[in-house]
Amino acid sequence: AAASAALMSNIATVAQLAVVIGALSPTMLQRTAPALMASGVVVAVAAWLSVRRPSPLPVAARKLIPKRPFEPLSALRFVALLTAVMLAAAIAKTYLGDASLPWVLTASGLVDVHAAAASAAQSATREPAGMALAELGLVGAFIANSLVKCLMAAVKGNRRFAVRLIPGILAMAV
């Protein structure tokens, strides 16, 4: 059930991406809507299949809430990752110019796919000729974010959770 719920949360992610993109660049939404809809359908089917498959492994009792509601080390890791992404983006922009957009958005997707989508949509609105680069960056951000989710499922979840979640996330991303 937990893997199915985690997969279902990705439907909300896809819907939110559509709202963000549509609010900032209706033209980009028109161009990306088929892929977003396909991703939403695929992950919904994966969630449904995750619930319907019999469980091959016993359910392990596990605490869902950490001992501390705020873990300073986790916050510092997130800040370090965000800092690294921002530094990489600045370096890429310096050396690659406008061609850095897909790389910067992909790196941004490691931390937040919604922010990357907003940046892609804004870029597509400002520079209509750069729509293809913005779309490529959006795809990269979506895939990067999906891979981070898979990594977190493998590292933080148990084997059963990861085995049920990762195929659905990967199917959604491609």
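Residues numbered from 1 in each chain as written. Predicted model: local features only at pLDDT ≥ 70, side-chain atom pairs only at ≥ 80, totals over all residues. Heavy atoms only, no water.

Description of the overall build of the chain
Helix and strand content of the chain: 7 helices and 0 strands. Going from N to C terminus, the chain has its helices and strands arranged as α-α-α-α-α-α-α. Across the 174 residues that make up the chain, the buried fraction comes to 35%. Within the chain, residue pairs in contact and separated by at least 24 positions form 75% of the contacts whose partners lie at least 6 positions apart. For the chain, the exposed surface amounts to about 10500 Å²; the carbon and sulfur share of it is 72%. (Helix = DSSP H or I, 4+ residues; strand = E, 2+ residues; numbered from the N terminus. Buried < 20%, exposed > 50% of the residue type's maximum accessible area, 1.4 Å probe, protein only. Contact = heavy atoms within 4.5 Å. Areas by Shrake-Rupley, 256 points an atom, 1.4 Å probe, with all protein chains shown as cover.)

Regarding the environment of Arg52
Mapped onto the secondary structure, Arg52 falls in helix H2 (residues 26–52). Put simply, Arg52 and Ala1 are 51 residues apart on the chain and 9.6 Å apart in space, counted from C-alpha to C-alpha.

Some details on the environment of Gly168
In this fold, Gly168 is placed in helix H7 (residues 159–173). Here the alpha-carbon distance between Gly168 and Asn10, two residues 158 residues apart in the chain, equals 9.7 Å. The contact partners of Gly168, leaving out residues within four places of it in the chain, are Leu7, Val43 and Ala46.

Observations regarding the nonpolar core
A general feature of soluble globular proteins is that nonpolar side chains tend to end up buried together. Leu7 and Met28 are the most contacted members of the largest nonpolar core, which totals 27 residues. Those elements that provide at least two residues to this core are helix H1 (2–24), H2, helix H4 (101–109), helix H5 (113–126), helix H6 (131–156) and H7. Of the residues forming this core, the biggest block, 7 residues, is contributed by H6. With near-sequence residues (within four places) excluded, Met28 lies in contact with Ile21, Ala120, Ala121, Ala124, Met131, Ala134, Glu135 and Leu138. (Core = buried A, V, L, I, M, F, W, Y, C linked by side-chain atoms within 4.5 Å.)

What to know about the side chain of Asn145
Tracing the sequence through the fold places Asn145 in helix H6. In terms of polar contacts, Asn145 uses its side chain to reach the backbone carbonyl oxygen of Gly109, at 3.1 Å. Not counting residues within four places of it along the chain, the set of residues in contact with Asn145 comprises Gly109, Asp112 and Val113. (Polar contact = N/O pair within 3.5 Å; in protein donor to acceptor, adjacent residues only side chain to side chain.)

Here we look at the packing of H2 against H6
Two elements in contact, H2 and H6, have axes whose closest approach is 11 Å; the angle formed by their N-to-C orientations is 25°. Between H2 and H6, the crossing angle belongs to the class labelled roughly parallel. For the element pair H2 and H6, the recorded crossing hand is right-handed. On H6, the residues that touch Thr27, Met28, Arg31, Thr32 and Ser39 of H2 are Met131, Ala134, Glu135, Leu138 and Phe142. Looking at side-chain class alone, the contact of H2 with H6 contains 5 nonpolar, 3 polar and 2 charged residues. (Axes fitted to C-alpha atoms, helices over the stretch in contact; angles between N-to-C directions. Parallel < 35°, antiparallel > 145°, perpendicular 65-115°, else oblique. Left-handed = near helix turned anticlockwise from the far one by under 90°. Nonpolar A, V, L, I, M, F, W, Y, C, P; charged D, E, K, R; others polar.)

Overview of the confidence of the model for the chain
Fine structural detail should not be taken from predicted coordinates in areas where pLDDT scores are low. This prediction gives the chain a mean pLDDT of 86; 90% of its residues lie at or above 70. Residue range residues 57–62 is modelled with pLDDT below 50. Its contacts to residues more than four positions away, or to other chains, number 8 contacts. (pLDDT = per-residue confidence, 0-100.)

A few points about the packing of H5 against H6
The interhelical angle for the contact between H5 and H6, taken along N-to-C directions, is 175°, at an axis separation of 9 Å. Considered as vectors, H5 and H6 are oriented roughly antiparallel to each other. The residues of H6 that touch H5, namely those facing Val113, Ala116, Ala117, Ala120 and Ala124, are Met131, Ala134, Leu138, Ala141, Phe142 and Asn145.

Comments concerning a nonpolar patch on the surface
On the surface, Leu87, Ile91, Tyr95, Leu96 and Trp103 cluster together into a nonpolar patch covering about 630 Å² of accessible area. When you line up the elements, Leu87 lands in helix H3 (residues 72–96). A residue is classified by how much of its surface remains accessible, and Leu87, at 52% relative accessible area, is exposed. (Patch = residues over 30% accessible without salt bridge, like charges linked within 9 Å, V, L, I, M, F, W, Y side chains within 5 Å. Salt bridge = Lys/Arg side-chain N within 4 Å of Asp/Glu carboxyl O.)

Remarks on H2
With 27 residues, H2 should cover 39 Å at 1.5 Å per step; its first-to-last C-alpha distance of 37 Å lies within 8% of that length. Of all the bends in H2, the greatest reaches close to 55° and is centred on Thr32; the proline Pro34 follows between one and four positions later. Every buried residue belonging to H2 is among Met28, Thr32, Leu36, Ser39, Gly40, Val43, Ala46, Ala47 and Ser50, and all of these are buried. Summarising the contacts, the buried residues of H2 are in contact with H1, H5, H6 and H7. (Expected span 1.5 Å × (residues − 1). Bend = angle between axes of the 7 residues up to and from the residue.)

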